[in-house]
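Structure assessment
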Amino acid sequence: MELIQENPDLSAYLAADEVIDHDHPVVRKTAARLAKEAEDSYAYARLAFEFVRDAIPHSQDSGDPRVTWRASDVLEQGTGICYAKAHALTALLRAEDIPTGLCYQRLLHDDGAGHAVHGLVAVRFGGAWHRQDPRGNKPGVDARFSLDGERLAFLPDPASGEVDYPVLHAQPHPAVLAALKAAPDRPHLWQALPAGL
């Protein structure tokens, strides 16, 4: 699948904003700690991915009722659903000048009733975008950092109405952000996830 930049200006994929707040001290401190362990930007990107995937539990998997959406809050509170974890990884990567976009899939909802949008990221290395899914592994899910073929958590099944959206967003999709901000807790959020974009 060819990934399409929503914004042709690559600098948009390095910018900080209210959600991807990579200028926040918590993000800067985490990025600096990870950067000390990395010999180059590729190694840093892998370390940041593995940190978000493994050290920040997916709140649905862990049963954490808190809803986080700002990257610094995800890192500080150590919890988030796929969107929030994608925001945190995006901020960590942009903090080290690695262009990163947000991208989405439409998948069957966990309960099988309808669809829900799933969030992931794409990093730019060697003049190309590479999707990564930091949602967190569990039985049946084995996402890995890769620039040589995708190793995502989920592969959409078109026969079930599932879709890979090709657009790379510089900022979170408004429907995603609205759902996160409106939810009083994760159980309510789980019932209000966008069904499509």
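Note: the structure precedes this text.
Computed from a predicted structure; not experimentally measured. Along each chain, numbering runs from 1 in the same order as the chain's sequence is written. Under the rules for a predicted model, residues below a pLDDT of 70 receive no local features and side-chain atom pairs below 80 are neither given nor counted, while totals for whole chains, interfaces and linings still include all residues. Remark: hydrogens and water are excluded; side-chain values derive from all non-hydrogen atoms of the structure.

1. Observations concerning the environment of Asp9
- Along the chain, the position of Asp9 falls in the loop between β1 (4–5) and α1 (25–36).
- Asp9 sits 161 residues away from Ala170 along the chain, and the two C-alpha atoms are 9.7 Å apart.
- N or O atoms within 3.5 Å of each other form a polar contact, as long as, within protein, one can give a hydrogen and the other can take it, and as long as residues adjacent in sequence are counted only when both atoms are side-chain atoms. Separated by 2.8 Å, the side chains of Asp9 and Ser11 make a polar contact. Strands here are runs of E lasting at least two residues and helices are runs of H or I lasting at least four, both read from the DSSP assignment and numbered beginning at the N terminus.

2. Some words on helix α6 (residues 174–182)
- Looking only at α6, the buried set comprises Val176, Leu177, Ala179 and Leu180. Taken end-on, α6 shows its buried residues confined to a sector of 160°, consistent with a single buried face. For α6, the exposed residues lying more than 90 degrees away from the buried face are Pro174 and Ala182.
- Whether two residues touch is decided by their heavy atoms; if any such pair falls within 4.5 Å, the residues are in contact. Check the buried side of α6 and you find it contacts α5 (82–95), β2 (100–108), β3 (115–125) and α7 (186–191). Throughout, exposure labels follow a simple rule: accessible area from a 1.4 Å probe, protein chains only, divided by the maximum for the residue type, with under 20% read as buried, over 50% as exposed, and the rest as partly exposed. Throughout, the arc means the angular range of directions from the helix axis out to the C-beta atoms.

3. Notes on the pairing of β2
- Across the nine residues that make up β2, a large majority, seven, are buried.
- In this analysis, strands are considered paired if DSSP registers two or more bridges between them. Two strands pair when backbone bridges link them, and β2 and β3 are joined in this way by nine bridges, in the antiparallel orientation. In the sheet register, Gln105 faces β3, and the bridge partner there is His118.
- Taking the residues between adjacent antiparallel strands as the criterion, β2 and β3 are bridged by six residues, where Gly112 takes a positive phi near 80°.
- Examined bridge by bridge, β2 and strand β5 (residues 163–164) share two bridges and lie antiparallel to one another. From the neighbouring strand, Gln105 faces β5, where its bridge partner is Asp164.

4. Some thoughts on the packing of helix α2 (residues 41–55) against α5
- Interaxial distance between α2 and α5 falls to 10 Å at its minimum, and their mutual angle equals 155°. What the angle tells us is that α2 and α5 run roughly antiparallel. In this structure, α2 crosses over α5, and the sense of that crossing is right-handed. On α5, the residues touching Tyr44, Ala45, Ala48, Phe49, Phe51, Val52 and Arg53 of α2 are Lys85, Ala88, Leu89, Leu92 and Leu93.
- The residue makeup of the contact of α2 with α5, split by class, is 10 nonpolar, no polar and two charged. For every element, the axis is a line fit to its C-alpha atoms; helices are fit only across the contacting stretch, and the angle between N-to-C directions ranges from 0 to 180 degrees. With respect to orientation, any angle under 35 degrees is reported as roughly parallel, any angle over 145 as roughly antiparallel, any angle of 65 to 115 as roughly perpendicular, and every other angle as oblique. Two helices crossing with the near one rotated counterclockwise from the far one by less than a right angle form a left-handed crossing, whereas a clockwise rotation gives a right-handed crossing. Charged residues are taken to be Asp, Glu, Lys and Arg, nonpolar residues to be Ala, Val, Leu, Ile, Met, Phe, Trp, Tyr, Cys and Pro, and polar residues to be all remaining types, Gly included.

5. A word on the packing of aromatic side chains
- For Phe, Tyr and Trp, where Trp contributes only its six-membered ring, two rings pair if their centres lie within 6.5 Å, and the inter-plane angle classes them as stacked under 30 degrees, edge-to-face over 60, or tilted in between. Summed over the entire model, instances satisfying the criterion amount to five aromatic pairs.
- What links up through ring pairs into an aromatic cluster is the set Tyr42, Phe49, Phe125 and Phe145.
- We count a charge as sitting over a ring when the NZ of a lysine or the CZ of an arginine lies within 6 Å of the ring centre and within 35 degrees of the ring normal. The ring of Trp69 carries the charged tip of Lys181 above its face, separated from the ring centre by 4.8 Å.

6. Digging into the pattern of salt bridges
- Throughout this description, the term salt bridge denotes a Lys or Arg side-chain nitrogen within 4 Å of a carboxyl oxygen of Asp or Glu. This model, assessed by the stated rule, comprises 12 salt bridges.
- Salt-bridge contacts for Arg70 lead to Asp73; the nearest nitrogen and oxygen are separated by 3.3 Å.
- One salt bridge in this structure joins Arg151 and Asp142, with 3.6 Å as the shortest N-O distance.
- Among the charged side chains, a network of salt bridges with common partners joins Glu18, Arg70, Asp73 and Lys181.

7. Observations regarding the nonpolar core
- Residue types Ala, Val, Leu, Ile, Met, Phe, Trp, Tyr and Cys, when buried and joined through side-chain atoms within 4.5 Å, form a set referred to as a nonpolar core. Counting residues in each nonpolar core, the largest one holds 45 residues, and the members touching the most others are Tyr44, Tyr83, Leu92 and Leu93.
- Every element with two or more residues in this core is listed here: α1, α2, α4 (71–77), α5, β2, β3, α6 and α7.
- Here the element with the most residues in this core is α5; it accounts for 10 residues.
- The residues contacting Tyr44, other than those within four sequence positions of it, are Ala31, Leu34, Ala35, Ala38, Leu92, Leu93, Glu96 and Ile98.
- Tyr13, Trp129, Leu168 and Ala170 belong to the second-largest nonpolar core, a separate cluster that totals 10 residues.

8. Here's the deal with the state of the cysteines
- Sulfur atoms of two cysteines make up a disulfide when they are within 2.5 Å. Taken as a whole and assessed by the stated rule, the structure comprises zero disulfides.
- Summary of cysteine pairing: Cys103 is not part of a disulfide, and the nearest cysteine sulfur, belonging to Cys82, is at 11 Å.
- Overall, Cys103 belongs to the buried group, its relative accessible area being 0%.

Everything listed here is a matter of geometry and, on its own, says nothing about what the molecule does.
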